[in-house]
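A closer look at the structure
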Amino acid sequence: MKLEKEILWPIDFRKYSVDFLDESQYLINLLVELKDSGWYNSAEKNFNTTVKGYQPDIDILKIDHPCINSIKEKIIAPISQEFWQSLIKDKFETKEDLELVHKAWLVEYSPGAYQNLHVHKTSLFTAVWTIYREEQEKGAGQLHLHNPIIESWTLGFYQETKKIDSMEGDILIFPAWIPHNVTPCSAKRIVFVWDTIAVPKYA
Ligand SMILES: [Fe+2]
């Protein structure tokens, strides 16, 4: 697993490159199965920010399968833990009483599908793993992260939008309160997204 750390304006932001071909192929097949079975597309809900895409209404992490276990153990747990540590540093004395809880979903972008500007209000941080990507036209299928701290735009140092072309195997992780969107795709693209919250541990 390769990690590139970047400072996103004054905010920590990370990009990993992973190579989990069996797991991503399992997810791609799962998406096809769900779609063929007529599984409800939550992108059709009015409040959903995904437009024209296919987003099966299911928490992927609830599926009992060796590939899902592998994704939880080898991707979600270490990456989330590392990002969590970078966020909390030594801020909270009670951190040992908290545990991370995740939920995950898949989004298939067909040509013309996009994601409106939004934040993930109820989460701490969000990670987006590109598991499939056909060649896109310039500027298509880009993840845009917008700097919410407008006071930091002075002299153009922290330009307000970071535009990211994610390749297959890339995982981007950022605080869930950063406003973000995806520009319309010109070709197919599939992402696996997970959100993380920290909750008190109960014995
Ligand atoms: Fe999002």
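Refer to the structure presented above.
Given the structure is predicted, the values throughout are model-derived calculations rather than measurements. (Residues numbered from 1 in each chain as written. Predicted model: local features only at pLDDT ≥ 70, side-chain atom pairs only at ≥ 80, totals over all residues.)

1. As for the overall build of the chain
Convention followed: Runs of E in the DSSP output that reach at least two residues are strands. Runs of H or I that reach at least four are helices, and both are numbered from the N terminus. All radius of gyration figures rest on C-alpha atoms, and the globule criterion is 2.2 Å times the number of residues raised to 0.38. The contact rule is simple: place each C-beta atom from the backbone, and if two of them lie within 7 Å, those residues are in contact.
Check the secondary structure of the chain and you find 2 helices and 11 strands. Ordered by position from the N terminus, the helices and strands of the chain form the series β-β-α-β-α-β-β-β-β-β-β-β-β. A compact globule built from 203 residues would reach a C-alpha radius of gyration of about 17 Å, and the chain, at 17 Å, matches this within 12%. Viewed in the frame of its principal axes, the chain has a C-alpha envelope of about 50 × 50 × 35 Å. Contacts spanning at least 24 positions in sequence make up 80% of the contacts within the chain whose residues lie at least 6 apart.

2. What to know about unusual backbone geometry
For lysine 52, which is not glycine, the phi dihedral falls at a positive 70°. On the secondary structure map, lysine 52 appears in the loop between strand E3 (50–51) and helix H2 (66–88).

3. Some details on the nonpolar core
Which entries qualify depends on this criterion: A set of buried residues qualifies as a nonpolar core if it consists of Ala, Val, Leu, Ile, Met, Phe, Trp, Tyr and Cys joined through C-beta atoms within 7 Å. Exposed residues have 12 or fewer other C-beta atoms within 10 Å of their own C-beta, buried residues have 20 or more, and partly exposed residues fall in between, where C-beta atoms are placed from the backbone.
Membership of the largest hydrophobic core comes to 35 residues, with the highest contact counts inside it found for Ile79, Leu106, Ala127, Ile171, Ile173, Phe174 and Phe192. Mapped onto this core, the elements with two or more residues apiece are strand E2 (11–17), helix H1 (21–36), H2, strand E4 (98–109), strand E6 (125–133), strand E7 (143–146), strand E9 (170–175) and strand E11 (189–200). Looking at this core, the element that brings in the most residues is H2, giving 5 residues. Apart from the residues within four sequence positions on either side, alanine 127 is in contact with Ile79, Ile171, Leu172, Ile173, Val193 and Trp194.

4. Let's talk about the sheet that holds E7
Hydrogen bonds along the backbone pair up the strands of a sheet, which may run parallel or antiparallel. Note the following rule: Paired strands, in this sense, are two strands between which DSSP finds at least two bridges.
With respect to topology, 5 strands assemble into an open sheet ordered E3-E5-E10-E7-E8, the strand pairing being antiparallel. Looking at strand neighbours, the two that pair on one side only are E3 and strand E8 (161–164), the edges of this open sheet.

5. Some thoughts on H2
Put simply, the rule reads: To estimate how far a helix should reach, multiply one less than its number of residues by 1.5 Å. Bending is quantified residue by residue as the angle between axes fitted to the seven-residue window ending at that residue and the seven-residue window starting at it.
In a regular helix each residue adds 1.5 Å, so 23 residues correspond to 33 Å; H2 covers 31 Å between its end C-alpha atoms and thus fits that length. When the local axis directions of H2 are compared, the greatest deviation, roughly 35°, occurs at isoleucine 76, which is followed within four positions by the proline proline 78. Contact partners of the buried residues in H2: E2, H1, E4, E6, E9 and E11. Lysine 89, located one to two residues past H2, shows a positive phi value of around 45°.

6. Re H1
Spanning 16 residues, H1 covers 22 Å between terminal C-alpha atoms, matching the ideal 22 Å at 1.5 Å per step. Those residues of H1 that are buried are in contact with H2, E4, E6 and E11. Residue glycine 38 follows H1 closely and has a positive phi angle near 80°.

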